[in-house]
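A structural walkthrough
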Amino acid sequence: MALTFGNMAYDAILEGKTGLMSALVEGCYDLVPIPDAKLGPRKLDVASSYNTERYRPIYGNKQGLPIFLNRAS
């Protein structure tokens, strides 16, 4: 996932696009505007996304889906 985000950002730079970041939007990779820092930190439900005992994302029953996708759209 990190490699894909990096490649998307690199391609955006080559195309002269600015003010964007790589993100997962409804389970799909996309370039989106960088959020205004004045809006504060974004929240993540750690308990539903990560196995805190093993320090890794929860990935059961998600084979073939992006790692942070909680449901198929």
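Scroll up to find the structure.
These remarks concern the structure in this document. (Residues numbered from 1 in each chain as written. Predicted model: local features only at pLDDT ≥ 70, side-chain atom pairs only at ≥ 80, totals over all residues. Heavy atoms only, no water.)

Now for the pattern of salt bridges. Under the definition given, this model contains one salt bridge. Note that Glu15 is salt-bridged to Lys17, the shortest N-O span being 3.1 Å. Residue classification places Glu15 among the exposed residues on the basis of a relative accessible area of 52%. Judged by relative accessible area, Lys17 falls into the partly exposed class, the value being 40%. (Salt bridge = Lys/Arg side-chain N within 4 Å of Asp/Glu carboxyl O. Buried < 20%, exposed > 50% of the residue type's maximum accessible area, 1.4 Å probe, protein only.)

Looking now at the side chain of Ser22. Structurally, Ser22 can be placed in strand β1 (residues 20–25). A distance of 2.9 Å separates a polar side-chain atom of Ser22 from the backbone oxygen of Phe5. Those residues in contact with Ser22 that sit more than four places away from it in its chain are Phe5, Met8, Ala9, Asp30 and Leu31. (Helix = DSSP H or I, 4+ residues; strand = E, 2+ residues; numbered from the N terminus. Polar contact = N/O pair within 3.5 Å; in protein donor to acceptor, adjacent residues only side chain to side chain. Contact = heavy atoms within 4.5 Å.)

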